[in-house]
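# Report on the structure
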Amino acid sequence: MRPSPAAIVTSLHARTGKTLLARVLGDYFALSGRPPLVFDTDVTEQTLRAAFPYDTVVVDLAETRDQMTLFDTLARRAPEARVVDVSHHALRKFFKVMFESQFAAEAHVRNVEPIIFYIADRGADAYEEARHLRERFDDCAFVLVDNAFVGKVKDKTRRSAAYQEMQEHDLRMTLPLFDQELADALDDDPALSLGDIVAKPLSRSETGRMPGDLAFDQRAALRAWVMQAFRDIHRLTRTIETRAPALSPVAPVL
């Protein structure tokens, strides 16, 4: 049986496109026939919950009960994919609990493959955090995500040891830049299904408005962007599946 992916999306700072990537992952898994269990750790904004209102559990990582609910569900043996949007406010707490609970080892035994999707931005501290997480969770797949929206990396960052080391990291994907008007449309309509944008036919002859009330050209641009992201996710998850035995502990004989 193929392992069930548990995608953990995080970044050190706000406004890096983290929730958008979590949204893309959720729609990718749904379109792939593995409707995900979704977790939103931002108890204030709950942006990811707005995108998946019927599939999302909002967890407050300051509460022990919510911590147990989250990690027990993530490690549960089940065919569904899982997606966690880790708020930058909750990053320290989330990974502290993840490390102390030995979540990755438990997940592997139950045929769940944890994948950390980390979005770096322009600052050197973001790459320091990337290096730290990769080393601390060396039993998890770690994907470094470059988001063109955050802008060009600072020269000081490029000279840092952490940045230069992470440039050699092989598991990575890119979120290409797209039009600001389209980005605003996505923010204004979190319930818009990116999976529907890909799955539904693209034709100027269609009557009525496009999904999400998007014009044809907007939908075409968004479709191209989502398709590239989906291809990257597909490539990465397949690569990680082949590496999974090397990351997994030996399961006990029952």
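One structure accompanies this document, and this report is about it. Everything numeric in this text was worked out from a predicted model, so none of it was measured.

### Considering the overall build of the protein
- On a plain count of helices and strands, the protein comes out with eleven helices and seven strands.
- Seen along its three principal axes, the alpha-carbon backbone of the protein occupies a region of about 60 × 45 × 35 Å.
- Counting all 254 residues of the protein, 47% fall into the buried class.
- Expressed as a percentage of contacts within the protein between residues at least 6 apart in sequence, the contacts between residues at least 24 apart total 75%.
- With the model as given, the accessible surface of the protein reaches about 12600 Å², and the carbon-plus-sulfur share is 51%.
- Of the side-chain charges in the protein, 33 are positive and 38 negative, and the distance between the mean point of each set is 3 Å.

### Side note on a negative patch on the surface
- A cluster of like negative charges, contributed by Asp179, Glu181, Asp184, Asp187 and Asp188, occupies part of the molecular surface.
- By the secondary structure assignment, aspartate 187 is in helix 9 (residues 180–188).

### A look at helix 4 (residues 91–100)
- Regarding helix 4, the residues found buried are Leu91, Phe94, Phe95, Val97 and Met98. Taken end-on, helix 4 shows its buried residues confined to a sector of 160°, consistent with a single buried face. What points out from helix 4, more than 90 degrees from its buried face, is the exposed set Arg92 and Glu100.
- Where helix 4 is buried, its residues touch strand 1 (4–10), helix 3 (64–74), strand 4 (82–85), helix 5 (103–109), strand 5 (112–120) and helix 6 (124–136).
- One or two positions beyond helix 4, positive phi appears at glutamine 102, with a value near 55°.

### Some details on the sheet that holds strand 7 (residues 172–175)
- One open sheet accounts for seven strands, arranged 3-2-4-1-5-6-7; its pairing is parallel. The sheet is open, and its two borders are formed by strand 3 (56–58) and strand 7, each paired with just one other strand. When the angles between neighbouring strand axes are averaged without regard to direction, this sheet yields 20°.
- Of the strand pairs in this sheet, strand 1 and strand 5 are connected by seven bridges, and their pairing is parallel. When the sheet's bridge partners are listed, alanine 6 is paired in strand 5 with proline 114.
- Those strands touched by helix 1 (residues 18–31) are strand 1, strand 4, strand 5, strand 6 (141–147) and strand 7, and its axis lies near 165° from that of strand 1.

So, how was this worked out
Residues numbered from 1 in each chain as written. Predicted model: local features only at pLDDT ≥ 70, side-chain atom pairs only at ≥ 80, totals over all residues. Heavy atoms only, no water. Helix = DSSP H or I, 4+ residues; strand = E, 2+ residues; numbered from the N terminus. Buried < 20%, exposed > 50% of the residue type's maximum accessible area, 1.4 Å probe, protein only. Contact = heavy atoms within 4.5 Å. Areas by Shrake-Rupley, 256 points an atom, 1.4 Å probe, with all protein chains shown as cover. Lys, Arg positive; Asp, Glu negative; His and termini not counted. Charge placed at Lys NZ, Arg CZ, Asp CG, Glu CD. Patch = residues over 30% accessible without salt bridge, like charges linked within 9 Å, V, L, I, M, F, W, Y side chains within 5 Å. Salt bridge = Lys/Arg side-chain N within 4 Å of Asp/Glu carboxyl O. Arc of directions from axis to C-beta. Pairing = 2+ DSSP bridges. Axes fitted to C-alpha atoms, helices over the stretch in contact; angles between N-to-C directions.

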